[in-house]
Amino acid sequence: MTKDSATVSSMTGFARGSGGDELLSWSWELKSVNSRNLDIRCRIPTGYEALEPRVRARAPEVLARGNLQVNLTVRRGAQGPELRVNRDVLERYRRMIEEVRADFELAAPSADGFLALKGVIEEVESEDEEVLARRMEAMFADFSTALGELAAARRSEGAKMMALVQKHLTAIEALTAAAAESAAAQPDHLRARLKTQVEELIESSPALSEERLMQELALLATKADVREELDRLSAHCTAARDLLRKGGAVGRRLDFLCQEFNREANTLCSKASDIDLTRIGLDLKSAIEQMREQIQNIE
């Protein structure tokens, strides 16, 4: 299944894949965690580096985001590899050691000391290119299988997250409806409160001009009316549900929506002059934050 599938996936997952032939066994280990983009890190043994470009090309066909760690382990069978001495490397080491001995009067190195130096002992590649090519194809096929299992694990985790996000959305919708029904959000209550504020304003500034009074009245009305914020909260809930239904790599857009949710909830709290509306606004912020914790791990 590709990254365009109409599901929501987590960015967290783990999978293994293994295989082997008559001489070698190998295992892939894939682990992913959340990340802003798709970040691929590979640990592939010497001799199999040609697999890395294929791994890096294949992963984006299946995954859209996440920090993906890919580890390949290769083990030989009981007979072990055929070994030989690289005499050219050994001779270079010998000349260098003789120069150092002459300067510092050091004892002559032992044979096993020479053989322990890097590059002196090397494996003999006794297999032909056709056998090696088949092995590399088998290794890559096992990687692709493990990658598919990782994607399935991420989808399974994503389904759980989707249920939680929908639960939080339901809570946000209920709180938005409660705020709309609150007396502090109703026009009659607003008019009564504004009337009181205007009367207090006139008493404190009897020489206030009619134009200035209208300006102050408009400012008070704007600060007190939260219907616009509630409308936007409802629209954000609809947009979030639409994204969840669409599926795919919607994590970034959902995270952006959470920022907009927070903006409206903060404005609602700042405008509230009623304890009930303030409580609802704080509950909204809590529900939004809980939803955001889940969304940050959605692909």
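Notes on the structure in this doc start here. Quantities reported herein were computed from a predicted structural model and do not represent experimental measurements. (Residues numbered from 1 in each chain as written. Predicted model: local features only at pLDDT ≥ 70, side-chain atom pairs only at ≥ 80, totals over all residues. Heavy atoms only, no water.)

1. Thoughts on the overall build of the protein chain
Formally: Numbering of helices and strands starts at the N terminus; helices are DSSP runs of H or I of at least 4 residues and strands are runs of E of at least 2. Exposure is judged per residue with a 1.4 Å probe applied to protein chains only, and the accessible area is read against the type maximum: over 50% gives exposed, under 20% gives buried, and values in between give partly exposed. Contacts: residue pairs with any heavy atoms within 4.5 Å of one another. To measure how exposed things are, a 1.4 Å probe is used in the Shrake-Rupley method; for residues, cover is taken only from the protein chains shown.
Of the regular secondary structure elements, the protein chain holds nine helices and six strands. When burial is assessed residue by residue, the protein chain has 34% of its 299 residues classed as buried. Long-range contacts, defined here as pairs at least 24 residues apart, represent 78% of the contacts in the protein chain between residues at least 6 apart. For the protein chain, the exposed surface amounts to about 17400 Å²; the carbon and sulfur share of it is 51%.

2. Quick look at the pattern of salt bridges
Formally: By salt bridge we mean one thing: a side-chain nitrogen of Lys or Arg within 4 Å of a carboxyl oxygen of Asp or Glu.
Counting across every chain of the model gives 19 salt bridges. The salt bridge involving Glu228 is made with Arg232; its shortest N-O contact spans 2.6 Å. Of this pair, Glu228 and Arg232 both sit in helix α7 (residues 227–246), four residues apart, which is roughly one turn of that helix. Across the pair Asp283 and Arg279 runs a salt bridge whose closest N-O atoms are separated by 3.6 Å. Placement of both Asp283 and Arg279 in helix α9 (residues 275–295) is noted, with a separation of four residues, approximately one turn of the helix.

3. Examining the sheet that holds strand β3 (residues 38–43)
Rules: Note: two strands are recorded as paired if DSSP finds a minimum of 2 bridges between them. An axis is simply a line fitted to the C-alpha atoms; with a helix, the fit covers only the stretch in contact. Between two such axes, the angle follows the N-to-C directions and lies from 0 to 180 degrees.
Sheet architecture is open: four strands sit in the order β1-β2-β4-β3, paired in mixed fashion. On the outer flanks of this sheet lie β1 (13–20) and β3, each paired with one strand and no other. Across the sheet, the axes of successive neighbouring strands diverge by a mean angle of 15°, strand direction being ignored. Of the strands in this sheet, β1, β2 (24–33) and β4 (66–76) touch helix α4 (residues 129–181), which is tilted by about 30° from β2.

4. Here's the deal with the packing of aromatic side chains
We describe a pair of aromatic rings using the distance from one ring centre to the other and the angle between the two ring planes. Selection rule: Any two of the Phe, Tyr and Trp rings considered here, Trp counted by its six-membered ring, make a pair once their centres fall within 6.5 Å; the pair's planes then place it as stacked at under 30 degrees, edge-to-face at over 60, or tilted in between. Charge-over-ring contacts are defined here by two conditions on Lys NZ or Arg CZ: a distance within 6 Å of the ring centre and an angle within 35 degrees of the ring normal.
Taken as a whole, this structure holds two aromatic pairs when the rule is applied. An angle of 55° between the planes, with centres 5.1 Å apart, marks the rings of Trp28 and Phe143 as tilted. Of this pair, Trp28 sits in strand β2 while Phe143 sits in helix α4, placing them 115 residues apart in sequence. Overall, the relative accessible area of 0% leaves Phe143 in the buried class. Put simply, the rings of Trp28, Phe140 and Phe143 pair up and form one aromatic cluster. Positioned over the ring face of Phe140 is Arg54, at 4.1 Å from the centre of the ring.

5. Let's talk about the pairing of β4
Two elements, β2 and β4, share ten bridges in a ladder whose sense is antiparallel. Bridge pairing in β4 links Leu30 to Val70. Relative to β4, β3 is paired through six bridges, and the arrangement is parallel. Each residue of the ladder has a partner; that of Arg41, found in β4, is Gln69.

6. Description of a nonpolar patch on the surface
This is how the line gets drawn: Excluding any residue in a salt bridge, patches collect residues exceeding 30% relative accessible area, merging like charges within 9 Å and nonpolar Val, Leu, Ile, Met, Phe, Trp and Tyr side chains within 5 Å.
A cluster of nonpolar side chains, Leu83, Val85, Leu115 and Ile121, forms an exposed patch at the surface whose accessible area comes to about 310 Å². Topologically, Ile121 is positioned in strand β6 (residues 121–123).

7. A word on α9
Applied cut-off: Helix span, expected: 1.5 Å multiplied by one less than the number of residues in the helix. What the arc covers is the set of directions going from the helix axis to the C-beta atoms.
The first and last C-alpha atoms of α9 sit 30 Å apart over 21 residues, in line with the 30 Å expected at 1.5 Å per residue. Residues of α9 that are buried: Leu277, Ile280, Gly281, Leu284, Ala287, Ile288, Met291 and Ile295. Taken down its axis, α9 places every buried residue within 130° of arc, on the same side. Exposed side of α9, more than 90 degrees from the buried face: Ile275 and Glu293 are the residues found there. Those residues of α9 that are buried lie in contact with α4, α7 and α8 (251–271).

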